[in-house]
Amino acid sequence: MSSALVTTKLAAPHVRGALVPRPRLTALMDAGAEATLTLVSAPAGFGKTTVLAAWLTRSSTEPRRAVFVSLDESDSHAASFWLYAVTALNSVAPGLGAGALQLLAAGQPATRAMLTAVLNEVGDLPNEVDLILDDYHLADSPEVAEGMTFLLERRPMNLHVVLSTRADPNLPLARLRARGELVEIRARDLRFTVDETASYLADVGGLVVAPAGVSVLESRTEGWAAALQLASLSMQGRDDVGGFIAGFAGTDRHVVDYLADEVLSRQSDEVRDFLERTSILELLGGDLCDAVLDRTGSRAMLERLERANLFLVPLDDQRTWFRYHHLFADVLRSHLLSERAELVPGLHLRASRWYDVAGEPVPAVRHALAAGDVDRAADLVEAATPAMRRSRQEATLRRWLDDVPDEVVQRRPVLALAFVGALMSGNEFGDVGRRLREIERHLPAIHARLARGGDSPEGPGSQVDAIDMSELARVPAAIEMYWAGLSLVSGDFPATHRHAQLAIDTATAEDDVVPAGAAGLSGLAHWACGELDAARSSYVTCIGGLRRAHHVSDALGCYLTVADIQVAQGRLREADATYGEAMAVATSTTGESPRGTADIHVAYGRVALERGDLKRARDQLAAARGLGEDRGLPSYAYRSRAVAAMLAEVEGDVPGALELVLQAQQVYLGDFSPNVRPLHAAAARLHIQLGDLDSAERWARNHDVNASQDLSYLREYEHVTLAEATIARGRHLADESTLAEADRLLLRLLDAATAGCRDATVIEVLLLQALASYARDDAPTALAHLDRAVRLAEPEGQVYAFARQGPLVLPLMESLADSPAGVPYTHVLVAACIHRVAGTRTDRGVTPQQPAGSSGLAEQLSARELEVLHLLDTELDGPEIAQRMFVSINTLRTHTKSIYSKLGVNNRHAAVRRGRELGLATGP
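What you see is a predicted model, and the numbers here were worked out from it, not measured in a lab.

Draft legend 1. A look at the overall build of the protein chain. Summing up its helical and strand segments, the protein chain has 48 helices and 7 strands in all. Here the C-alpha atoms of the protein chain give a radius of gyration of 33 Å, agreeing with the 29 Å that 2.2 N^0.38 yields for 924 residues. Counting all 924 residues of the protein chain, 57% fall into the buried class. In the protein chain, the share of contacts with a sequence separation of at least 24, taken over all contacts with a separation of at least 6, comes to 68%. For the protein chain, the exposed area adds up to about 36900 Å²; of that, 52% sits on carbon and sulfur atoms.

In structure tokens:
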């Protein structure tokens, strides 16, 4: 069982044995399936979960999918809550919410943009989806309520939410009620009627009870399910059932306490002892119970308890893991605490030890805290930290920060630094400075402890605790590394370099991670300032340290940065070689591909696009998809969509490209890397291509981009975008002054990019200068700019910048190709531009002919439509086709409608049949 995600929480409850038919409740649940929210709200023991289980097993002609999450107190953290909720939704359609899951697993908060992306993906599904959240009261925190309110207000029509809770949630129930969007099932609805009570006793309990006794029992229990179940167990084997019914009175919890006592009193000492002592566990498994009880035979006991219907809930089909019914567990714990409280710490400690040996630090820490052994809990967190850093589980470390007392953290500098790293990885910088200063106050004691060998509890250094002296020795340098990171996010680049160098200088000889991290932070500062050679050099150093420390995923992330820099410098061959080295590192890892492997495939696709090799780009994106988003780094979700958008753009599908960029924005992860190619600017470029100049102008205003600003590498992409928008506006208005404004900005950009050896930007600027001159009917100047751009692009085989401007630059490119002064490489670029204009697919500039049979069509299918037609002739359903093409269901429907219209058909099967007749579809 994973410590990061307890999969049993996602298992729908089993319907055990016979159930009393309760059609009135089923009707209420069915009515809720048409509403926004179904609220099942009642105190403990009213059978809320059983009602949900019964409804989940109903037969229905509607195409519905229900997903289930059993919540607990740890889910009051929004990141944990949404991690489980989105994982559940992901089971409806593999890949759904995958980008959000990457962000949540990395400790990122659940932003509205993230939830919007998930809701849009759910809305694209063809079926109804029921999201069932059981025990919601355990997770009902302000931060969870904020996200849930947003979900309920913005949910797609095919998503319905079901909450089971002991108390009304902090959600806009009155507003939903007024709109008729709320169905409520409360205690009065859940109470058993006299007839249902009779059915329960006879059909489930196997009891013969006179009608008068049934009536008394219903009255005394007030139809409370838990009380009925306990009463049924208590009456088993009694001769005087009527006397027993007359012998108890009261309502609410007193009845349950009384009846639970009755049930327990009738168990053997062995069974009662087992029940009470294992009640401290949230999950019950044979080996775990054996360890806690210091005995054997627990698996057989669990099977015996399940057969006896003693409130044991199976959590998997193999009957490996169980839990007690919550109300029964409360009674058992109450008995344990009142009668044998002295046993409780030892039970929790044994559970903690079992989980520790099993490699499950999360429950191990939880039980250590429950035992009151905060030092053991701190030891466990500290011991787990290095592995969790390597596997990027900072979100779990962040949650522990709220559980371990401050006074324990303050005397444990290794633990305190682990929490600093977790906060920074989640972009929580506000308290980092204070925490670092607190750790710095312990530096004299740290040095003293290390000087004494670290094993003496008395004398200098005794006021600091650590379980691993090598980790303690890393602390001084790590403090400087985190100061460097804090300086970087605040924009103080000189301080970043200063602290990074101090980290490198003070690191121990055995520590590869801190010097590597410091070099990486310094490289990021160089990158933000446009000092690309220095940035690349720092990152190469960083990669070496991370590889020596076996931080493979982090190293792969750094390879991406190095290659990004090389692409910006126009060094595509070097970038290709960098990705080749990274792929060799990834494939040399034993076992499952490390996280980051999918990112390398995407990045390979990006370089292929830059060089005009569209087939290779498609193949690399497909390889990344085949690995799955869980083999990607947190940034994979947006990077993969951004590169897919580039591919769609040069294939002529500009609306599809824009949609992909907008999706990428919704799952964007802002980390320490400078955002030198902001997605909002990429979207603005696509708006320009679509002729939506008003949107481009709004973008410039909203993001404060104007031609009078000082230029910097950090905003260079935005200013180039502004120049493109200005040229488009000048061309549209035939306004010389607007074009002149663009010229002035482009001259400044050209000087800055040339000085910084950023050839990719130089090529872009030269192309825009050519287009600006062409818009003024100055063809000679335009051709001169274009010729310079072509000559600069030829050595590295750059194509993308020309292809994306294909519709505008093609006439100039053809003139240059016909000119005696034109270089042969111009013909390659002409072919790429023709492909961009035609919207048909090429591989290295060769335009394929339409199949011979297609001449019977009045209007030819585009390359994108041919791809859709081919996929329609497979077993893939709509969502799977959309996922493979990196488009939404809505975009797929647009392509499909166009195909139907051109082929003269009205359904998928007819389209495939007609396509085969024309030689356009050949099957999978």
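Draft legend 2. View of the pattern of salt bridges. Applying the stated criterion to the full structure yields 50 salt bridges. The salt bridge partner of R548 is D512, with a shortest N-O separation of 3.2 Å. Here R548, found in helix α29 (residues 532-548), pairs with D512, found in the loop between α27 (493-506) and α28 (513-528); they are 36 residues apart in sequence, far enough to count as distant. Of the charged contacts in the structure, one is a salt bridge between D743 and R776, with a shortest N-O distance of 2.4 Å. Placement of the pair is D743 in helix α39 (residues 736-755) and R776 in the loop between α40 (759-775) and α41 (779-793), with a sequence separation of 33 residues. Here the salt bridges do not stand alone but share partners, grouping R272, D273, E276, R277, E339 and R340 into one network.

Draft legend 3. The arrangement of the sheet that holds strand β4 (residues 159-165) in detail. In spatial order, the strands read β2-β3-β4-β1-β5; together these 5 strands make up an open sheet with parallel pairing. Unpaired on one side and paired on the other, β2 (64-70) and β5 (182-186) mark the two borders of the sheet. Ignoring strand direction, the axes of neighbouring strands in this sheet form an average angle of 15°. Of the pairings in the sheet, the one linking β2 to strand β3 (residues 128-134) comprises 7 bridges and is parallel in character. Following the sheet pairing, S70 is matched in β3 by D134. Sitting on the sheet, helix α1 (residues 23-32) is in contact with β1 (37-41), β4 and β5, with an inclination near 155° to β5.

Draft legend 4. Summary view of the nonpolar core. Within the largest apolar cluster, 125 residues are counted, with the highest numbers of intra-cluster contacts made by M148, L786 and F802. A total of 10 residues in this core trace back to one element, the largest contributor, which is helix α34 (residues 636-650). Setting aside residues no more than four positions away along its own chain, M148 makes contact with F81, W82, L133, Y136, V161, L163 and L171. Core analysis: the next-biggest nonpolar cluster, separate from the first, contains 118 residues, W321, V414, A503 and A575 among them.

Draft legend 5. Region of interest: the pairing of β4. Burial runs high along β4: 7 of the 7 residues are buried. Neither face of β4 is open: one carries L159, V161, L163 and T165, the other H160, V162 and S164, and all of them are buried. Here 5 bridges tie β3 to β4, and the two strands are oriented parallel to one another. Each residue of the ladder has a partner; that of I132, found in β4, is V162.

Draft legend 6. View of unusual backbone geometry. Despite not being glycine, D294 has its phi angle at roughly 60°, a positive value. The topology assignment puts D294 in the loop between α15 (286-293) and α16 (298-307). In this model, D704 sits at a positive phi of 55°, which is unusual for a non-glycine residue. Its place among the elements puts D704 in the loop between α37 (693-702) and α38 (716-733).

Draft legend 7. Spotlight on the packing of α1 against helix α2 (residues 48-56). At a minimum axis separation of 10 Å, α1 and α2 run at an interaxial angle of 75°. One finds that α1 runs roughly perpendicular with respect to α2. Taken together, the residues of α2 that come into contact with α1 (itself represented by L25, T26, M29 and D30) are V51, L52 and W55.

Draft legend 8. View of the packing of α40 against helix α43 (residues 806-818). Between α40 and α43, the shortest axis-to-axis distance is 11 Å and the interhelical angle comes to 80°. Between α40 and α43, the crossing angle belongs to the class labelled roughly perpendicular. Packed against α40, whose contacting residues are L767, A770, L771 and Y774, the element α43 presents L808, V809, P811 and L812 at the interface. A breakdown of the residues in the contact of α40 with α43 according to their chemical character gives 8 nonpolar, no polar and no charged.

Draft legend 9. Representation of the state of the cysteines in the model. Following the criterion strictly, the structure yields 0 disulfides and no others. The thiol sulfur of C542 is not disulfide-bonded, and the nearest other cysteine sulfur, from C558, lies at 3.5 Å. By relative accessible area, C542 is classed as buried at 3%.

Draft legend 10. A look at the packing of aromatic side chains. A full pass over the atoms with the stated rule returns 7 aromatic pairs. Look at W321 and W354: their rings are 6.4 Å apart centre to centre, the planes differ by 70°, and that puts the pair in the edge-to-face class. Of this pair, W321 sits in the loop between β6 (312-314) and β7 (322-324) while W354 is found in helix α18 (residues 344-357), placing the two residues 33 residues apart along the sequence. What makes W321 buried here is its relative accessible area of 13%. Here Y579 and Y604 contribute two aromatic rings whose centre-to-centre distance is 5.7 Å and whose plane-to-plane angle is 55°, an arrangement assigned as tilted. Residue Y579 is found in helix α31 (residues 572-587), and its partner Y604 is found in helix α32 (residues 597-610); the two are separated by 25 residues along the sequence. The class of Y604 is buried, set by a relative accessible area of 12%. An aromatic cluster of three or more residues is present, and its members are F81, W82 and Y136. Above the face of the Y84 ring, K9 is positioned so that its terminal group lies 3.9 Å from the ring centre.

Cut-offs and rules
Residues numbered from 1 in each chain as written. Predicted model: local features only at pLDDT ≥ 70, side-chain atom pairs only at ≥ 80, totals over all residues. Heavy atoms only, no water. Helix = DSSP H or I, 4+ residues; strand = E, 2+ residues; numbered from the N terminus. Rg over C-alpha atoms; globule rule 2.2 N^0.38 Å. Buried < 20%, exposed > 50% of the residue type's maximum accessible area, 1.4 Å probe, protein only. Contact = heavy atoms within 4.5 Å. Areas by Shrake-Rupley, 256 points an atom, 1.4 Å probe, with all protein chains shown as cover. Salt bridge = Lys/Arg side-chain N within 4 Å of Asp/Glu carboxyl O. Pairing = 2+ DSSP bridges. Axes fitted to C-alpha atoms, helices over the stretch in contact; angles between N-to-C directions. Core = buried A, V, L, I, M, F, W, Y, C linked by side-chain atoms within 4.5 Å. Parallel < 35°, antiparallel > 145°, perpendicular 65-115°, else oblique. Nonpolar A, V, L, I, M, F, W, Y, C, P; charged D, E, K, R; others polar. Disulfide = S-S within 2.5 Å. Phe/Tyr/Trp six-rings, centres within 6.5 Å; stacked < 30°, edge-to-face > 60°. Lys NZ or Arg CZ within 6 Å of the ring centre and 35° of its normal.

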